[in-house]
Protein chains: 2
Amino acid sequence: MSKYIWFFGVGKTEGGKELSNILGNKGAQLCEMAKTGIPVPPGFIISTEACREYMKHGQSFLKKIERDIENSLKRLAESLKKIRGSDFPLLVSVRSGAPVSMPGMMDTILNVGMNKQAFEFLKNIDERFAYDTLRRFIQMFSTIALRLEKEIFEKEFEKWKKSYELFREGKFSSVEQAYYNLQNLDGKAKIQDREIPAEVLKLVVEKYQEIIREKGVTIPENILDQVIIASEAVFRSWNGERAVTYRKIHGLPDDIGTAVNIVAMVFGNMGDNSGTGVLFTRNPNTGERTIWGNFLPNAQGEDVVAGIRTPHAINESSKSQANSHLPTLQELMPKSYREIEKISRDLEYHYKEMQDIEFTIENGKVWILQTRNGKRTARANIKIIHDFIKEKIISESEGIMRVNPKSMFELLFPVIDEDKLKKHPIAKGLAASPGAVSGKIVLFSKEAEKLSKQEQDVILVRHETSPEDIAGIASAKGILTARGGETSHAAVVARAMGKPAVVGAEEIIVDYETRCIKVGENIIREGEIITIDGNTGRVFLGEVPIKTSDLSQEAINILKMADKIRTLKIRANADTPKDAKTARDFGAEGIGLLRTEHMFFDEERIPVMRKMIIYAQKYKESYEELLKIFEEITQNGFPEGAKILSVLKHMRIIPSFQRGKTYSNVFSEIENLSINEVNIAFKKFRETREIYFGSLSKIKEWIKGDFKEIFSVMEGYPVTVRLIDPPLHEFLPKNEEEIISTAEKTNTPVEEVRSYVEKLKEQNPMLGHRGIRVGISYPEIYCMQIEAIAEAAVELIKKGKKIIPEVMFPNVIDPEEIKYFRNVFDIIVKDIEKSESIKLPISIGTMIEFPRACILADQIAKYVDFFSFGTNDLTQTVLGISRDDSGKFMPDYLKLILPYNPFTNLDVAGVGEFIKIAVERGKKQKPNLKIGVCGEHGGDPDSISFFNSMKFNYVSASPYRVLSARISAAQSVIKQGKIKSLTKKEKTAKKTKKHKRAKDQKQASNKKIR
Amino acid sequence: MSKYIWFFGVGKTEGGKELSNILGNKGAQLCEMAKTGIPVPPGFIISTEACREYMKHGQSFLKKIERDIENSLKRLAESLKKIRGSDFPLLVSVRSGAPVSMPGMMDTILNVGMNKQAFEFLKNIDERFAYDTLRRFIQMFSTIALRLEKEIFEKEFEKWKKSYELFREGKFSSVEQAYYNLQNLDGKAKIQDREIPAEVLKLVVEKYQEIIREKGVTIPENILDQVIIASEAVFRSWNGERAVTYRKIHGLPDDIGTAVNIVAMVFGNMGDNSGTGVLFTRNPNTGERTIWGNFLPNAQGEDVVAGIRTPHAINESSKSQANSHLPTLQELMPKSYREIEKISRDLEYHYKEMQDIEFTIENGKVWILQTRNGKRTARANIKIIHDFIKEKIISESEGIMRVNPKSMFELLFPVIDEDKLKKHPIAKGLAASPGAVSGKIVLFSKEAEKLSKQEQDVILVRHETSPEDIAGIASAKGILTARGGETSHAAVVARAMGKPAVVGAEEIIVDYETRCIKVGENIIREGEIITIDGNTGRVFLGEVPIKTSDLSQEAINILKMADKIRTLKIRANADTPKDAKTARDFGAEGIGLLRTEHMFFDEERIPVMRKMIIYAQKYKESYEELLKIFEEITQNGFPEGAKILSVLKHMRIIPSFQRGKTYSNVFSEIENLSINEVNIAFKKFRETREIYFGSLSKIKEWIKGDFKEIFSVMEGYPVTVRLIDPPLHEFLPKNEEEIISTAEKTNTPVEEVRSYVEKLKEQNPMLGHRGIRVGISYPEIYCMQIEAIAEAAVELIKKGKKIIPEVMFPNVIDPEEIKYFRNVFDIIVKDIEKSESIKLPISIGTMIEFPRACILADQIAKYVDFFSFGTNDLTQTVLGISRDDSGKFMPDYLKLILPYNPFTNLDVAGVGEFIKIAVERGKKQKPNLKIGVCGEHGGDPDSISFFNSMKFNYVSASPYRVLSARISAAQSVIKQGKIKSLTKKEKTAKKTKKHKRAKDQKQASNKKIR
């Protein structure tokens, strides 16, 4: 039989932080702290294994371990006697604690063990304390373990508070009188819980007991029964909707289960020398090295987390607008504060991580109830990592491993552009999570989910949020609450998700019924747009100008450390000078994908483009007609035709559109022939050629200008230009109106334009006449692009700039395709080099994006300098799934079949295998073949790790993902244990962690593969 | 330096049949015959290497070998003196001769060496003979070597013939008078060439010489100059349009070149004891063992081939309607006939093939000018192979290797259904190539090409055809000529191409000018439909009933021999009982692909199908809604919901639509809940479920009936049923009218139908929501099909029939997909087996048609009994080419990039590699995994050879390709040298041929790969 129960602080502590899979994170850290000498109350843990057994067998399993729990409680009680004396009753907290932290997602019941006997004992210590503890117990046990409705108790308590307030204000002669005259709750009581005297709490308790009787349930007297019921509630909460949603959002598995922590109660509600609080060992918003948190005097834990009462700051620097008037812990209990500060530093050093700590002070004595790695903003994380490295708590590579690449983007969180700001804020709250954002007001989470699915930007505005709102917060662009502090639910969750949030904007009244918010006299309805500024706490009506903030120095330093380690070059996918500039600013070392098609959609250019496409076809038809005539007349006794014929055929092989062979001799020779059939066909050929080449020339000049701009921005770095990729019909008119306007602008009959539009339509455009297939059919278009690229480069090189263009051919599936264009390319480049007396550092490559190209990679490699994997198309063809259409079944597949969306994370098992084959075969043929990726996956951290393991030269991502790619690339080197020069210290650290890391990686990869 | 000149019949013969690559086929056989003692005139060959040099260097190369040719002519002249005496002038024929036979496609010039001196000598022998020879020489040399227009000479000759005819009829006093009074040629002369006397030929020659003078050209006197000019003409003709077209049609390479045969002339025009003819050693239409051919007395070779004069039959059995009145060679020159007959048998035995022989009789002496393997109809070929085996000339496997699998279909050539025939023929000609066919009359080859591109069936009707018509014949469904015999151009080419042809239908007058044909008083215009019967020579106006003929006994015997040898099973793709019946008749050993989608398009069924599709979605929506509600209420304090929730979730895993779990307990439990939200959602769920399942039930009964019919036809053989493959939108209405009618028939608002039609539309349906993806989204549909298959089988098995159903899942890309359905499948089958107390011999398999399935084949194999490659989709995804859209660029690709269309021939280099990977991985996981193919390539002979080498268990082809597949499968075993039990004789034969075969195979595969 497995060991289901683990002790800490009772005899020798049995667990430690390495056992969080079995003990849950909370439990494992309790054990760890107990071992390290941190003051934690003693207790024991029912393991996650037990939870899994419970999920399988239900109550029969609990029956099985009942005796063990009973014995454990006895043992705990024995141990506790040494601390509290022999008469003090055993009271415990029963808390959930999963292997991964899911703050607030599962249930906790405090003061378990309360019964008549215990109550009497506590009453002897302090009557108010006893009633307060009993009230809390009944309320939590009834709602969580016995599943009565929360609101009944909350309302009841509120009613008594209000009654006492009215009584105290002298409006009634007794509290009872006030209570029974109270029609409805007109606003919440302003009074604080701890001001309620014992007499009133007694009335509350009596009322609570009445409710329980009415509902026909009973709370057992026996602590064993209470613990078992409470534990079952914890187990059950693992599959609660909130917990399930949380796991879905965070990509956590559903089958690991939670542990239950049964810990001796310490009492923050024992009087004014007591209290309870939470803190971070560093500021979670900025990362600054001061402990930062809140506390409530004379209260128990749940009061802080729930955000019901405005908590006190623990010190000056934790103060906010809401609690600036309240005394700090440092002021109220300086000795306890110092002790807490010391424990914080110890824990941080021990764990080598910023900690999020729960503490309780019982009569001046500090107890730590929980520690875990603290959530923080991306910006704070970078600062903390940076400072930890500086303080030599961790090494550089440990630091880099701690950066979440996906959150790098958040460092560039948007800020209000103050120069352009002309509005005044309508309200101000706490800056709970950085970033400025505009969106429509929604008041309900369901509504937020619905609208965000319709791609609408919404701001979730709530009086306060609770765990039920988790999906709504995930859907919203930003969060605004009227109540709550910086550790309130809304603040914590928003920070964890990297969403801008303003909390505790007290001027705002949220009216759920009429679905609006009120600020002074302003009424703002659901659906209206507001802007929140999570950096300063301001709230604006409507939109205001927003810009991207700069990178912090700490971030720049860490990125530099990463750059030293990584071997992968990071490039960006960029189509415009603006994108290129952004990419450079973020440290991109070149452009890995410059899509040229965007250059043609400009309003001025598109009519010429359309004309070109129509004439490409007319030209081709006339060319083939001419060829046929010459074949015929040559055969039928016109020997001079043979030479012309061979030149005409050669035009298919060397299709140069301006450079290279001009064929003018042959053309005049043909012109001078007096064969009627030839004359007619040749006239058509010349005419269509003139218009076709004329359009190409115009386009060439335009795009040459574009290339020059982008090349200039990227001076000194390679720029990979992909030749036209989409099928030509994408450029043609889409509707009748456009057809008519195209007909006018291209001087072509409407009927003819329509017929070309029809002719080019496709059933499956993804697998259609696109990429190099367009080049093979209309080689002049590709020639035009190659010439524009080469000439743009030459013009800049002549001005002394260092330009490194790379020409890339999409959709290649056969060596003959690229052989054909390698020949054409060489001719064009040589011609330019000769006429300009210049050496052009230009290279040629191909995308690998269809399975056949992977298999024939060795033969294709012969003709190119580089491969660039187009993982989007490769995923589509390897899986036979059109990305555009996958929405219809991908949700079903993610539920039942696939572990993740292959268009987001590279499908290593399928697509990855093809990449491997292509790299192996390509490099075998040409060992110095350069290899990169320019598909969507080039910016995905998991995928980057794979590309690194395949020894890619570079990845190319969208400009905004360059930062994260730089980190990911370094992380993958570190993970593979292949850093070139480790410091001695790092080497030692590595050795000891090697085993664990290997295990973690294995687990991670198991998760991926399922 | 290479050896460009090779002698035969002069000294020791230098070549042999094995050198046809260098000497051309004609030359190699001349050498072979010379060595074997067959009477061939002596000569020498200028090799194909010389041709290739000429193509590269032109005349400068000819200059280089001029001296060699001169010396060779001298040597030939010396040698000839021994035969003809010392004064006889050296006259030679200069003939083309490529390594592969291209009959009539290239040029030949006879009587080269004619000059004054030679003429004088011949005149001394016979004046008419001399003039006739001179006339022929001038005409051929001028038109072919000097490229003057043919028609000038032909018209001139015709005019003189007519003039002589008129003179002989007494209409003029002299031939000259007639000639100069002749205004225009009113119909051709009826007179035969050989009746023209010397005096008239003299006038013709004088006129010819006048023409040449007028055109400003000269014929050199020197034989060396003549031979060089003539040889150059031959070389040049290699790249003539006719030759190029022929090679394109027959898939021959363009760069091998032709040899030139320079052979001493023998004279069929030396008088009435002379003549020339062609013959086949067996009947090329029926395969019967009698020599079969035509000859012309006192004529030279070209007269026979051109089909200008009606030739005499060589014997009784060669006689046709056209020449039944003319004496046969056997009658005219019995001794020569007997000699020819003996030579025929000798040659046939020597070559082990039916031969096509050209002979000339000069003054009673027989000379063989050429032998080559004779073209024949597919039916004749089968008979000849069969008889050769019987006569022990070749072994069984040699015989099978000689069958062209692609021509097996021609054995089933269509015949007129005489029982239903009600028309009388309008004309009768020679049955030149078997098969009956209807089509529109076209008179010009270009027109035939054009219309056939528009998918129109045309019959090319010509007065006579010439090599210029080759492309037209290839485009037409059948050929009809008014003139020519069974060895005329039209007859030979039509037979070679397997096209029905009627030739020499002399009643028909073709009027090219008014574009009609006249038969007696009937005028039939171009575009009107006729039917020709190549089996009997009949021509009908309009269409007549046509049926397929039965297989001959010889064919059946040969197929049986092939069946003994092959290891691949041959199945058919068949969707209907009729197709299944056809497949069985042709020997299919099961159905490899039964596409079920066709079952739903029936007029009665499609509305139900559409209703089912709409309700599949509605049901799914309502199911998910219900699930969500139970998740919510369970979480919010309704513990009983948990059990219901888990059952509801289970319905996703075991979706059984009728069998298995009915869930009725849970449903009534839900019904009895008094929660409003649940009630509403459940009502919707039950309603949609009822309609959805109701439609499924109806469909199930229909298709169960279909399955029973097909299974019955295929009793004892496996039937692989593929579950629904196309995306569901293919079944939905396509236009507004259909939408409205569907709305009516399904009782659904029009708007809703339209919205579902819109919702299901796809960008790239090929890569969309199809195949097993439909099953994963709507598992009930697949369940319904599985149940229908299993129940149909059970009902038949209970009647004592042997039924072997196989269920196949399309579009699988992940093991989880098939794991899911393996589970569902097992539950359904077990349930049926249990309730029916029967053991069901049913198996489960998957199509492998996307690259990811190939890579994960090992994991997929775990859950299936068989793989069936869908090479169509696999080709589409491996190459990233949509077959439907490939027409736009495939022509360019076939010119420049790909050696063949990958949708016709399996792309071994790309797709083949994936198949290899899948087979290896699949078999590694499950060694007894059954492997087959059901894509288009399953019927392609080259591809079958590949599948055989991959050790497939079966291929599945369309029913009409089963015959060819049986042959191909045997051939691939023979090619791999893996016949289980060879006869002793065959083993010896194999040994000696092994080397050559390996070489041939290498060449063939080189050609494929390029």
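Anything mentioned here points back to the structure above.
A few points on the structure. (Residues numbered from 1 in each chain as written. Chains lettered and ligands numbered in written order. Predicted model: local features only at pLDDT ≥ 70, side-chain atom pairs only at ≥ 80, totals over all residues. Heavy atoms only, no water.)

**Side note on the overall build of chain A**
Defined as follows: Counting from the N terminus, the helices are DSSP H or I runs at least four residues long and the strands are E runs at least two residues long. Exposure categories follow from relative accessible area, calculated using a 1.4 Å probe and restricted to protein chains: below 20% of the type maximum is buried, above 50% is exposed, and the middle band is partly exposed. Contacts between residues were defined by any pair of non-hydrogen atoms, one from each residue, lying within 4.5 Å. To measure how exposed things are, a 1.4 Å probe is used in the Shrake-Rupley method; for residues, cover is taken only from the protein chains shown. Only four residue types enter the charge count, namely Lys and Arg as positive and Asp and Glu as negative; His and the chain termini do not. Where a charge lies is defined by one atom per residue type: Lys uses NZ, Arg uses CZ, Asp uses CG and Glu uses CD.
Each helix and strand in chain A was counted, giving 37 helices and 31 strands. Projected onto its principal axes, the C-alpha positions of chain A cover 125 × 65 × 55 Å. Of all 1010 residues assigned to chain A, the portion counted as buried reaches 60%. Within chain A, contacts between residues separated by at least 24 positions form 70% of all contacts whose residues are at least 6 apart in sequence. Carbon and sulfur atoms form 50% of the exposed surface of chain A, whose accessible area is close to 40,900 Å². Side-chain charges of chain A comprise 153 positive and 138 negative groups, with the mean position of each set lying 6 Å from the other.

**Some remarks on the interface of chain B and chain A**
Heads up, the condition is: Once two parts are joined, some of their accessible surface, as seen by a 1.4 Å probe, is lost; buried area is that loss totalled over both. Definition used for salt bridges: Asp or Glu carboxyl oxygen within 4 Å of a side-chain nitrogen of Lys or Arg. Polar contacts, as used here, are pairs of N or O atoms within 3.5 Å; protein pairs need one atom able to donate a hydrogen and one able to accept it. Residues neighboring in sequence count only if both atoms are side-chain atoms. Ten residues, namely Ala, Val, Leu, Ile, Met, Phe, Trp, Tyr, Cys and Pro, are considered nonpolar, four, namely Asp, Glu, Lys and Arg, are considered charged, and the remaining ones, Gly among them, are considered polar.
If you look at the interface, chain B gives 63 residues, while chain A gives 63 residues. Interface area, chain B with chain A, both sides summed: about 5,600 Å², of which 56% is carbon and sulfur. Run the count over chain B and chain A and you get nine salt bridges. With a shortest N-O distance of 2.6 Å, B:Asp907 and A:Arg852 are connected by a salt bridge. Viewed at the interface, chain A and chain B are joined by 29 residue pairs in polar contact (both at pLDDT 80 or more). Per-class residue counts for the side of chain B that touches chain A are 25 nonpolar, 13 polar and 25 charged.

**So, the nonpolar core**
Here is the rule we go by: Residue types Ala, Val, Leu, Ile, Met, Phe, Trp, Tyr and Cys, when buried and joined through side-chain atoms within 4.5 Å, form a set referred to as a nonpolar core.
By size, the foremost hydrophobic cluster in this structure holds 340 residues, and its most contacted members are A:Phe809 and B:Phe809. A:Ile109, A:Ala118, A:Leu122 and A:Ala233 belong to the second largest nonpolar core, which has 73 residues in total.

**Notes on the sheet that holds strand β6 (residues 275–280) of chain A**
Residue and element names in this part refer to chain A. Which entries qualify depends on this criterion: Each pair of strands is called paired provided DSSP finds at least two bridges between the two strands.
If you trace the five strands from one edge of the open sheet to the other, you get β8-β7-β6-β9-β10, paired in antiparallel fashion. Two strands lie at the open edges of the sheet, namely β8 (312–313) and β10 (365–373), each paired on one side alone. Here strand β7 (residues 292–297) runs beside β8; their pairing, made up of two bridges, is antiparallel. Residue pairing across strands places Phe295 opposite His312, the latter belonging to β8.

**Examining unusual backbone geometry**
Residue and element names in this part refer to chain A. A positive phi angle, close to 60 degrees, is found at Asn111, a residue other than glycine. Classification of Asn111 as buried rests on a relative accessible area of 0%. A positive phi is found at Ser837, a non-glycine position, where the angle reads about 50 degrees. Relative to the helices and strands, Ser837 is located in the loop between α29 (815–836) and β28 (843–848). The exposed category is assigned to Ser837, whose relative accessible area is 67%.

**Remarks on helix α14 (residues 378–390) of chain B**
Since the α-helix packs 3.6 residues into each turn, any two residues three or four apart lie on the same face. Residue and element names in this part refer to chain B. For clarity, the threshold we go by: Take the residue count of a helix, subtract one, and multiply by 1.5 Å to get its expected span.
With 13 residues, α14 extends 18 Å between its outermost C-alpha atoms, agreeing within 8% with the 18 Å of an ideal straight helix rising 1.5 Å per residue. Looking only at α14, the buried set comprises Ala378, Ala380, Asn381, Ile382, Ile384, Ile385, His386, Asp387, Phe388 and Ile389. For α14, the secondary structure elements touched by its buried residues are α13 (334–351), α15 (396–402) and α19 (553–565). Positive phi shows up at Lys392, right after α14, with a value of about 60 degrees.

**Quick word on the sheet that holds strand β21 (residues 529–533) of chain A**
Sheet strands pair by backbone hydrogen bonding; their relative direction is either parallel or antiparallel. All names here are of chain A. The strand order across the open sheet built from eight strands is β12-β22-β21-β14-β15-β16-β17-β13, with neighbouring strands paired in mixed fashion. With one partner strand each, in any of the chains shown, β12 (427–428) and β13 (430–433) form the two edges of the open sheet. Here strand β16 (residues 478–481) pairs with strand β17 (residues 501–503) via two bridges, running parallel. Looking at β17, one finds that Ile479 is bridged to Ala501.

**What to know about a negative patch on the surface**
All names here are of chain A. Let me state the cut-off plainly: Each patch is built from salt-bridge-free residues with over 30% relative accessible area, joining like charges within 9 Å and nonpolar side chains (Val, Leu, Ile, Met, Phe, Trp, Tyr) within 5 Å.
Taken together, the side chains of Glu149, Glu151, Glu154 and Glu468 define an acidic patch exposed on the protein surface. When you line up the elements, Glu154 lands in helix α6 (residues 150–168). Here Glu154 falls in the partly exposed class, since its relative accessible area comes to 39%.

**With respect to the packing of helix α14 (residues 378–390) of chain A against helix α19 (residues 553–565) of chain A**
Packed helices, taken two at a time, are described by the angle between their axes plus the distance between the axes. All names here are of chain A. The test is simple: Only the stretch in contact is used when a helix axis is fitted, and all axes are lines through C-alpha atoms; the angle between N-to-C directions ranges over 0 to 180 degrees. For any pair of crossing helices, the crossing counts as left-handed if the nearer helix is rotated counterclockwise from the farther one by less than a right angle, and right-handed if it is rotated clockwise.
At a minimum axis separation of 9 Å, α14 and α19 run at an interaxial angle of 65 degrees. Taken as a pair, α14 and α19 cross one another with a handedness that is left-handed. Listed contacts from α19 to Ile382, Lys383, Ile385, His386 and Ile389 of α14 are Glu554, Ala555, Asn557, Ile558 and Met561. The residue inventory of the contact of α14 with α19, partitioned by class, reads six nonpolar, two polar and two charged.

**Thoughts on the relation of the copies chain B and chain A**
Let me state the cut-off plainly: Overlaid copies result from least-squares superposition on C-alpha atoms, with residues included only where pLDDT is at least 70 in both.
The two copies are related by a screw operation: chain B maps onto chain A through 180 degrees of rotation and 0.2 Å of translation along the axis, at an RMSD of 0.2 Å. Expressed as a symmetry operation, the mapping of one chain copy onto the other fits a two-fold axis. Take the interface residues of chain B: 98% of them recur as interface residues in chain A, which is what a same-surface contact looks like.

**Re the packing of helix α23 (residues 664–671) of chain A against helix α24 (residues 676–713) of chain A**
Packing of α23(A) against α24(A) leaves a shortest axis separation of 10 Å and a crossing angle of 140 degrees. In contact with A:Phe667, A:Ile670 and A:Glu671 of α23(A), α24(A) contributes A:Val678, A:Asn679, A:Phe682, A:Phe685, A:Arg686 and A:Arg689.

**With respect to the side chain of A:Asn294**
Residue and element names in this part refer to chain A. By secondary structure assignment, the location of Asn294 is in strand β7. Since its relative accessible area comes to 5%, Asn294 is described here as buried. Apart from residues no more than four positions distant in its own chain, Asn294 is found in contact with Gly277, Val278, Pro311, His312, Ala313, Ile314, Asn323, Phe359 and Thr487.

**Thoughts on the pairing of strand β5 (residues 259–264) of chain A**
Residue and element names in this part refer to chain A. Of all six residues in β5, six are buried; the element is thus mostly enclosed. Burial along β5 is two-sided: the face carrying Ala259, Asn261 and Val263 and the face carrying Val260, Ile262 and Ala264 are both buried. In this sheet, β5 lies alongside strand β2 (residues 43–46) in antiparallel orientation, the contact comprising four bridges. Among the inter-strand pairings, Phe44 is bridged to a residue of β5, identified as Ile262.

**Concerning the pattern of salt bridges**
Residue and element names in this part refer to chain A. Taken as a whole and judged by the stated rule, the model has 142 salt bridges over all chains. Here Asp585 and Lys581 are joined by a salt bridge, their closest N and O atoms 3.2 Å apart. On the criterion of helical spacing, the pair formed by Asp585 and Lys581 is a turn pair, its members being four residues apart in helix α20 (residues 577–585). On the basis of relative accessibility, which here comes to 51%, the residue Asp585 falls in the exposed class.

**What about the packing of aromatic side chains?**
Each aromatic ring pair is summarised here by two numbers: the centre-to-centre distance and the angle between the ring planes. Short version of the rule: Centres within 6.5 Å make a pair out of two Phe, Tyr or Trp rings, where for Trp the six-membered ring is used; the pair is then stacked when the planes are under 30 degrees apart, edge-to-face when over 60, and tilted otherwise. Lysine and arginine charges are scored as sitting over a ring when NZ or CZ, respectively, is within 6 Å of the ring centre and within 35 degrees of the ring normal.
If you walk through the whole model with that rule in mind, you get 73 aromatic pairs over all chains. Between the aromatic rings of A:Phe153 and A:Tyr208, the centroid separation amounts to 5.0 Å while the plane-to-plane angle is 90 degrees, which identifies the pairing as edge-to-face. Of this pair, A:Phe153 sits in helix α6 while A:Tyr208 sits in helix α8 (residues 198–215); the two residues are 55 residues apart in sequence, bridging distant segments of the chain. The same class applies to A:Phe153 as to A:Tyr208, namely buried. A centroid spacing of 5.8 Å and a plane angle of 55 degrees characterise the contact between A:Tyr619 and A:Phe693, whose relative ring orientation is tilted. Of this pair, A:Tyr619 sits in helix α21 (residues 606–635) while A:Phe693 sits in helix α24, and the two are 74 residues apart along the sequence. For the residue pair A:Tyr619 and A:Phe693, the accessibility class agrees, reading buried in each case. The ring of A:Trp6 carries the charged tip of A:Lys3 above its face, separated from the ring centre by 5.0 Å. Positioned above the aromatic ring of B:Tyr179 is the side chain of B:Lys159, whose terminal nitrogen or guanidinium carbon lies 4.7 Å from the ring centre.

**Observations regarding the environment of A:Arg686**
Residue and element names in this part refer to chain A. For Arg686, the position within the fold is in helix α24. Owing to a relative accessible area of 29%, Arg686 belongs among the partly exposed residues under this scheme. Residues Arg686 and Lys930, spaced 244 residues apart in sequence, show a C-alpha to C-alpha distance of 42 Å. For Arg686, the contacting residues outside a window of four places in its chain are Phe667 and Glu671.

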